[in-house]
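Residue strings, one per chain:
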Amino acid sequence: METATALRTSFGTCIRPSTKSDLGRSRTGSIAFATVSNKGFLSFSNPRLGLKSASFQSQKKRIAIKASLSSDSAGSDAPIAPLELESPIGQFLSQILISHPHLVPAAVEQQLEQLQTDRDSQKQTEEPSAPTTDLVLYKRIAEVKANERRKTLEEILYALVVQKFMDAKISLIPSVTPKPSTPFKTIDSWPTQDEKLELIHSPEALEMIQNHLSLILGNRVSDSTSVAEISKLRVGQVYAASVMYGYFLKRVDQRFQLEKTTKVLPDNTGDSAPWMPNVHPEVEVPNSGSFGQVKASRLRNYVMSFDGESLQRYATIRSKEAVSIIEKHTEALFGRPEIVVTADGAVDSSKDEVIKISFGGLKRLVLEAVTFGSFLWDVESYVDTRYHFVAN
């Protein structure tokens, strides 16, 4: 129980919501989980990982696609992505990911061109001049179409993130749900892919990620076997915050690598520069001596050379679509938390589920989350060059 207590203390200290409302913060002050349908999950299959069979079922314009990953799941059906895609274009891209994953970029290009055509066409449509029923109907139709385009854009972004994991031969963690038949076993039965996840990042970014892991796991970073009982809500909060941290980290590392290449880095980014806390608004340095032992690094010192306004700007998720993806993907992994806000404003999480997970499994979750955020930055930037949607 000491392990579990220490871990809960670490989570409670290390993770806090950003002061920015567009960083996925809920009214209760915790990291928000979007409200989505619980009717099922989208399961992408990956032929490169050993596809044995794929089944298609259509119900209310939804599909569920599963594949047997012979190398990782010992013959059991294992989804490669937990989030369900519901739009026609999302379903189309999911089938392309199964049958011809190398054609996803071309399919995305075509769909983005169509979205741009639809948006331009709507702008050219004349709005009724008089405030009549026609004007109300016009605005309602325009709103519905805009929402459809936004949902389609979200699913295009998500499909591109999934493809980047597939290209790296990394399987995404499926829905975290304890099996009723084995309630006393740990839920982290997924394969260990820490090395593959670490290779995605630059050496400087990886130093920051190791520091992030130290803040969360403390002296248990190298302990992969010990097991802790922990609130599933807390694990979900850590995952969502780590996605946002990965997004932020890729954003600043991209600028750092550019300035390093062009030899215009500030003078205070050397390894000997003093370390300063609170490099990212999602992570605080704990007061406990057992946690948060963070090493200085060039990228960290580079980030700390930013002024407060620049740091906040880099820590902000740029688009509503990206925020929504983080929320929906996190809820698809951990489920919708049962949280009740009492009359005095306190949060009652007594119904929250407690799960058993090893510290190695927690490390795998955090590494995947940081990589997911990094990929999300990449695909958001790529798509925005073809279909502008990121606010300036």
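Residues numbered from 1 in each chain as written. Predicted model: local features only at pLDDT ≥ 70, side-chain atom pairs only at ≥ 80, totals over all residues. Heavy atoms only, no water.

Peer 1: Explain the packing of helix H7 (residues 232-261) against helix H10 (residues 320-334) residue by residue, including any values.
Peer 2: For the pair H7 and H10, the least separation of the axes is 10 Å and the interaxial angle reads 145 degrees. Once H7 is placed against H10, the crossing between them reads as right-handed. For the pair H7 and H10, contact is made by Lys232, Val235, Gly236, Tyr239, Ala240, Val243 and Met244 and by Ile326, His329, Thr330, Leu333 and Phe334, respectively. Its residues assigned to classes, the contact of H7 with H10 shows 8 nonpolar, 3 polar and 1 charged. (Axes fitted to C-alpha atoms, helices over the stretch in contact; angles between N-to-C directions. Helix = DSSP H or I, 4+ residues; strand = E, 2+ residues; numbered from the N terminus. Left-handed = near helix turned anticlockwise from the far one by under 90°. Contact = heavy atoms within 4.5 Å. Nonpolar A, V, L, I, M, F, W, Y, C, P; charged D, E, K, R; others polar.)

Peer 1: How would you summarise the packing of aromatic side chains if you had to cite specific residues and measurements?
Peer 2: Summed over the entire model, instances satisfying the criterion amount to 9 aromatic pairs. Both rings, one in Tyr245 and one in Phe248, keep their centres 6.1 Å apart while their planes meet at 40 degrees; by these two values the pair is tilted. Remark: Phe248 and Tyr245 occur in helix H7; sequence separation between them is 3 residues, near one turn of the helix. For the pair shown, Tyr245 and Phe248 are each scored as buried. (Phe/Tyr/Trp six-rings, centres within 6.5 Å; stacked < 30°, edge-to-face > 60°. Buried < 20%, exposed > 50% of the residue type's maximum accessible area, 1.4 Å probe, protein only.)

Peer 1: How would you explain helix H11 (residues 359-384) if you had to name every residue and give the values?
Peer 2: In this model H11 runs 37 Å from its N-terminal to its C-terminal C-alpha over 26 residues, within 8% of the 38 Å that 1.5 Å per residue would give. Counted residue by residue, H11 has 23 buried out of 26 residues, so it is predominantly covered. (Expected span 1.5 Å × (residues − 1).)

Peer 1: Any details on the environment of Tyr245? Residues and values, ideally.
Peer 2: On the basis of relative accessibility, which here comes to 1%, the residue Tyr245 falls in the buried class. Distance in space between the C-alpha atoms of Tyr245 and Ala315 is 7.9 Å, their sequence separation being 70 residues.

Peer 1: So what's going on with unusual backbone geometry? Which residues, and what values?
Peer 2: A positive phi angle, near 55 degrees, is found at Lys169, a position not held by glycine. Inspection of the secondary structure assignment puts Lys169 in the loop between helix H4 (133-167) and helix H5 (194-199). Taking relative accessible area as the criterion, Lys169 reaches 40% and is therefore assigned partly exposed.

Peer 1: I'd like a rundown of the pattern of salt bridges, residues and numbers included.
Peer 2: Enumeration over the complete set of coordinates arrives at 14 salt bridges. For Lys151, the salt bridge identified is with Glu86, shortest N-O distance 2.9 Å. Highlighted residues: Lys151 in helix H4 and Glu86 in the loop between helix H1 (2-14) and helix H2 (88-99), separated in sequence by 65 residues. Of the charged contacts, one joins Lys164 and Asp378 as a salt bridge, the two residues approaching to 4.0 Å between their closest N and O atoms. Here Asp378 lies in helix H11 and Lys164 lies in helix H4, a separation of 214 residues in the sequence. A single network of salt bridges, built from pairs that share partners, joins Arg150, Glu154 and Lys328. (Salt bridge = Lys/Arg side-chain N within 4 Å of Asp/Glu carboxyl O.)

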